[in-house]
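Chain by chain, the residues:
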Amino acid sequence: MTILVAYVPRPEGQAALDKGIEIAKRRNERLVVVNASSGGKKEDPSFAEAHDFERVQKMLVDTGLNAEIKQFVRGKNAVEEIEALVESLQASVLIIGLRRRSPVGKLIMGSVAQELLLSVSCPVLAVKFVG
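Conventions used here
Residues numbered from 1 in each chain as written. Predicted model: local features only at pLDDT ≥ 70, side-chain atom pairs only at ≥ 80, totals over all residues. Heavy atoms only, no water. Helix = DSSP H or I, 4+ residues; strand = E, 2+ residues; numbered from the N terminus. Buried < 20%, exposed > 50% of the residue type's maximum accessible area, 1.4 Å probe, protein only. Contact = heavy atoms within 4.5 Å. Areas by Shrake-Rupley, 256 points an atom, 1.4 Å probe, with all protein chains shown as cover. Salt bridge = Lys/Arg side-chain N within 4 Å of Asp/Glu carboxyl O.

Chemist: Pulling in residues and values, what's your account of the overall build of the chain?
Modeler: Regarding its fold elements, the chain presents five helices and five strands. Scored against the burial criterion, the 131 residues of the chain give a buried share of 43%. Residue pairs at least 24 apart in sequence account for 77% of intrachain contacts in the chain once pairs closer than 6 positions are excluded. Carbon and sulfur atoms provide 53% of the accessible area of the chain, an area that totals close to 7400 Å².

Set out below in structure tokens:
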């Protein structure tokens, strides 16, 4: 089985990654970290730039786990990319990070986390960043 972490280069993304590593070690499962963006770094603040990507890669190597990081920038939105990956990897769990947002922020921006919670076919663990 595979644990899938939806990673964004923000504190809530790091919280999800930390929890994914913890669970993968405990369950002895493969860990796949995905960063998905529909555009490039200027269009989407969720895009992990080279230094973020390299830091996460090093972190995964240091854990000794069967782990990898994937990044998709193919014009699809993050939800579509993650849904497809959940299916293709037959993920046992998807781990996402949450941040506090105002009701107006939720209305205007939408919520990738909410869409994932409602649409993927595996259990979802939502990790709240407390900071």
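Chemist: Break down the pattern of salt bridges for me, citing the residues and quoting the values.
Modeler: In total, this model carries seven salt bridges according to the counting rule given. Between R26 and E22 there is a salt bridge, with the nearest N and O atoms lying 3.4 Å from each other. Here the residue R26 and the residue E22 both occupy positions in helix α1 (residues 11–27), the gap between them amounting to four residues, near one helical turn. A salt bridge links E68 to K70; its shortest N-O distance comes to 3.5 Å. What makes K70 partly exposed here is its relative accessible area of 24%. Look at the salt bridges and you will find they share partners, linking K19, E22 and R26 into a network.

Chemist: Tell me what's going on with the environment of K76, and back it up with residues and numbers.
Modeler: Following the sequence through the fold, K76 ends up in the loop between β3 (67–73) and α3 (78–89). For the pair K76 and A36, spaced 40 residues apart in sequence, the C-alpha to C-alpha distance is 8.5 Å. Dropping the residues within four chain positions of it, K76 is found in contact with S37, S38 and E81.

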